[in-house]
Amino acid sequence: MQVISDLYQQLTGHEPQCILPLVGAGSNRRYFRVQDDDKTLIAVIGTNQEENEAFIDLSQRFTQGNLPVPAVLAVSDDHMVYLQEDCGDLSLYAQMARHRQESGIFDKVALDALKATIRELPRFQFLPIVSHTAQEFFTRCYPQQEMDRTSVMFDLNYFKYCFLKLRGIEFNEFKLQQDFERLADDLLADHEDTFLYRDFQSRNVMLKDGTPYFIDFQGGRRGPIYYDVASFLWQSSAKFSDEVRDLLIDDYLSALQPYKSVSKQAFMQRLHLFVLFRILQVLGAYGYRGLWEKKGYFINSIPLAIRNLQQELALGTSNAYPYLEEVAQTLIVQNEQEEKSRAAEAAKKEKVATYLGKDSTYLSEKKAPLIVRVFSFSFKKGIPADESGNGGGYVFDCRSTHNPGRYDEYKPLTGLDQPVIDFLETDGEILTFLDSVYKIVDFHVARFIERGFTNLQISFGCTGGRHRSVYSAQHVAEHIHQKFGVEVHICHREQNTTQLLTLNSQP
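Because the structure is predicted, anything quoted here is derived from the model rather than measured.

Here we look at the overall build of the protein chain
Part 1 of the reasoning: Looking only at helices and strands, one finds 16 helices and 14 strands in the protein chain.
Part 2 of the reasoning: Its C-alpha atoms give the protein chain a radius of gyration of 26 Å, within 12% of the compact-globule value 23 Å for 507 residues.
Part 3 of the reasoning: Seen along its three principal axes, the alpha-carbon backbone of the protein chain occupies a region of about 85 × 65 × 40 Å.
Part 4 of the reasoning: Residues counted as buried form 50% of the 507 residues belonging to the protein chain.

This is the structure in structure tokens:
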């Protein structure tokens, strides 16, 4: 922390009162909030000098162009540490989650934030042209100065090897490569000196006093304007409806007019080509993070991305790439079969649960199955009682792990909400904690099944019974149900919610 303190003192003339670590994202950069009586700043410790310099250089250019980005205020001599403006804790993604109705429709607060964000995009894209510094502007981009054929083929091969191969999809590599080459030609047909943000999505937009501020643009480079629109509006976890996408595209095109005149029809034709490309990129990432690294969030996101792919095929976006279309259709059929299988299995479980619950003769003749009860709770309100009368079981204390409840962005959410899940899994402490829990619980459940015991209670407590304990209880309950097929009762006591995972055939 000393290097941060020294840099802060050089900037302000005095030492900071405190330096608090913040949860990072997918990179290895470390973030800290530096505070005193007058202000707060964000300190960044990077791991790559060239990447840091790309962010610092772009931030300075964007600031000079009056674009809403955090200004870099101080940089260490080795360019490995820098201080920037603090844009707060509320991301556009979190704002969307807060203001999305149960029907999936956004209210006015979320829509206004989305519109304000998409209307800023053309200013970022055309700054190199407006400032007449295009050649110099892209010089410091990292890791490359433009979206070129190499980068396009890298992303397409990511889809091929990290998704198709891992899903067991058979394909003719030569034919698929030919279509990839044609797709790359079409994607790279534009040659304007426009800026491609690269990671333009709702998690990289912070809302400060209602105004969007843009972060994590260090991977930006020269590239087509359509890419960022596709990235933003077809972000899988954002779950935009077609109506919202159309509304935001109109706002984007309106803001685009001072820089480029294009009809909506022509724009949409080009845009959907990049949507197709972006979906293939995303599936590659989901394949690696989900199918290879076995991370549940990415596995669960695959069907949504495939549905997006199916929509693009229905629009005819892939007609120019017949073999890619054939492979995609195979993938869609495979996904539909898996969804039917999951639905059939769920119906089977329901029938078994109903039968066991009503047929007392069956229960009297057969050994009653194990029932596991999993609770989340707040230690302030006491440990849940074991109503089965057996006593025993486990009580796990989650308070040793990083608490999202300390941050305003997560306070109204629970451990079942995706932003909190992302926070905990990115931080990683909760995953290490649960690795040990799974081993203990697996042994206990297996022995209880073997010995014919009928009840086991497992409870997870934290300070408020809202974030860490809810996340842990839900994941352990689902783990037990999936692995052993037993009936699991979930009770998030402080949330006053319950869930029943019904009996399946035990292995």
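Once the structure has been displayed, the description carries forward.
Section: the confidence of the model for the protein chain
Part 1 of the reasoning: Across the protein chain, the average pLDDT comes to 89, with 93% of residues at 70 or higher.
Part 2 of the reasoning: Looking at the elements of the protein chain, mean pLDDT is at its lowest for helix 13 (residues 360–365), recorded as 37, and at its highest for helix 7 (residues 173–187), recorded as 97.
Part 3 of the reasoning: Long-range and interchain partners of residues 355–366, a stretch whose pLDDT sits below 50, account for four contacts in this model, where long-range means more than four residues apart.

Concerning the packing of helix 6 (residues 149–164) against helix 7
Part 1 of the reasoning: In the contact formed by helix 6 and helix 7, the axes pass within 10 Å of each other and the chain directions differ by 140°. Considering only the axes of helix 6 and helix 7, their crossing is right-handed. Packed against helix 6, whose contacting residues are Arg149, Val152, Met153, Leu156, Asn157, Phe159, Lys160, Tyr161 and Leu164, the element helix 7 presents Glu173, Leu176, Gln177, Phe180, Glu181, Leu183, Ala184, Asp185 and Leu187 at the interface.
Part 2 of the reasoning: Within the contact of helix 6 with helix 7, the residues separate by chemical class into eleven nonpolar, two polar and five charged.

Description of the sheet that holds strand 2 (residues 30–35)
Part 1 of the reasoning: Across the sheet, which stays open at both edges, the five strands sit in the order 1-2-3-5-4 with antiparallel pairing between neighbours. Strands at the two margins of the open sheet, each flanked by one partner only, are strand 1 (18–22) and strand 4 (72–75). When the angles between neighbouring strand axes are averaged without regard to direction, this sheet yields 25°.
Part 2 of the reasoning: Here strand 4 pairs with strand 5 (residues 81–85) via three bridges, running antiparallel.

Here's the deal with the sheet that holds strand 14 (residues 497–501)
Part 1 of the reasoning: Spatially, five strands are ordered 11-12-10-13-14 in an open sheet, and the strand pairing comes out mixed. Single-partner strands in this sheet number two, and they are strand 11 (394–397) and strand 14. On average, adjacent strands in this sheet sit at an angle of 15° to one another, irrespective of strand direction.
Part 2 of the reasoning: Bridge count between strand 10 (residues 371–378) and strand 12 (residues 455–462): eight bridges; the pairing is parallel. If you follow Val374 over to strand 12, its bridge partner there is Ile458.
Part 3 of the reasoning: Seen against the sheet, helix 15 (residues 429–451) touches strand 11 and strand 12 and runs at an angle of roughly 165° to strand 12.

Things to note about helix 11 (residues 296–314)
Part 1 of the reasoning: Look at helix 11: 29 Å from first C-alpha to last across 19 residues, which is about the 27 Å you get at 1.5 Å a residue.
Part 2 of the reasoning: In the structure, helix 11 departs most strongly from a straight axis at Ile302, where the bend amounts to approximately 30° and where the proline Pro303 lies between one and four residues downstream.
Part 3 of the reasoning: Residues Tyr297, Ser301, Ile302, Pro303, Ala305, Ile306, Asn308, Leu309, Glu312 and Leu313 constitute the buried set of helix 11.
Part 4 of the reasoning: Positioned one or two residues after helix 11, Gly316 has a phi angle of 85°, which is positive.

Structural notes on unusual backbone geometry
Part 1 of the reasoning: Backbone torsion omega between Tyr142 and Pro143 reads 5°, so that peptide bond is classified as cis.
Part 2 of the reasoning: Positionally, Pro143 belongs in the loop between helix 5 (134–137) and helix 6.
Part 3 of the reasoning: For Asn66, which is not glycine, the phi dihedral falls at a positive 60°.
Part 4 of the reasoning: Looking at where Asn66 falls in the secondary structure, it is placed in the loop between helix 2 (49–64) and strand 4.
Part 5 of the reasoning: The class for Asn66 is exposed, based on a relative accessible area of 63%.
Part 6 of the reasoning: The phi dihedral of His79 falls on the positive side, at around 60°, and the residue is not glycine.
Part 7 of the reasoning: With a relative accessible area of 28%, His79 lands in the partly exposed category.

So, the environment of Leu83
Part 1 of the reasoning: By the secondary structure assignment, Leu83 is in strand 5.
Part 2 of the reasoning: Once the C-alpha coordinates of Leu83 and Leu41 are considered, the two residues, 42 residues apart in sequence, prove to be 6.5 Å apart.
Part 3 of the reasoning: Contact partners of Leu83, with chain neighbours within four places excluded, come to Ile4, Leu7, Tyr8, Leu11, Leu41, Ile42, Ala43, Ala71, Val72, Leu73 and Ala74.

A short note on the pairing of strand 13 (residues 487–492)
Part 1 of the reasoning: Extensive coverage of strand 13 is indicated by the burial of five of its six residues.
Part 2 of the reasoning: Where strand 13 meets strand 14, five bridges bridge the pair, whose relative direction is antiparallel. Opposite Cys491, over in strand 14, you have Thr498 as the bridge partner.
Part 3 of the reasoning: Hairpin connection of strand 13 to strand 14: four residues between the antiparallel strands, including Asn496 at a positive phi of 55°.

Calculation notes
- Residues numbered from 1 in each chain as written.
- Predicted model: local features only at pLDDT ≥ 70, side-chain atom pairs only at ≥ 80, totals over all residues.
- Heavy atoms only, no water.
- Helix = DSSP H or I, 4+ residues; strand = E, 2+ residues; numbered from the N terminus.
- Rg over C-alpha atoms; globule rule 2.2 N^0.38 Å.
- Buried < 20%, exposed > 50% of the residue type's maximum accessible area, 1.4 Å probe, protein only.
- pLDDT = per-residue confidence, 0-100.
- Contact = heavy atoms within 4.5 Å.
- Axes fitted to C-alpha atoms, helices over the stretch in contact; angles between N-to-C directions.
- Left-handed = near helix turned anticlockwise from the far one by under 90°.
- Nonpolar A, V, L, I, M, F, W, Y, C, P; charged D, E, K, R; others polar.
- Pairing = 2+ DSSP bridges.
- Expected span 1.5 Å × (residues − 1).
- Bend = angle between axes of the 7 residues up to and from the residue.

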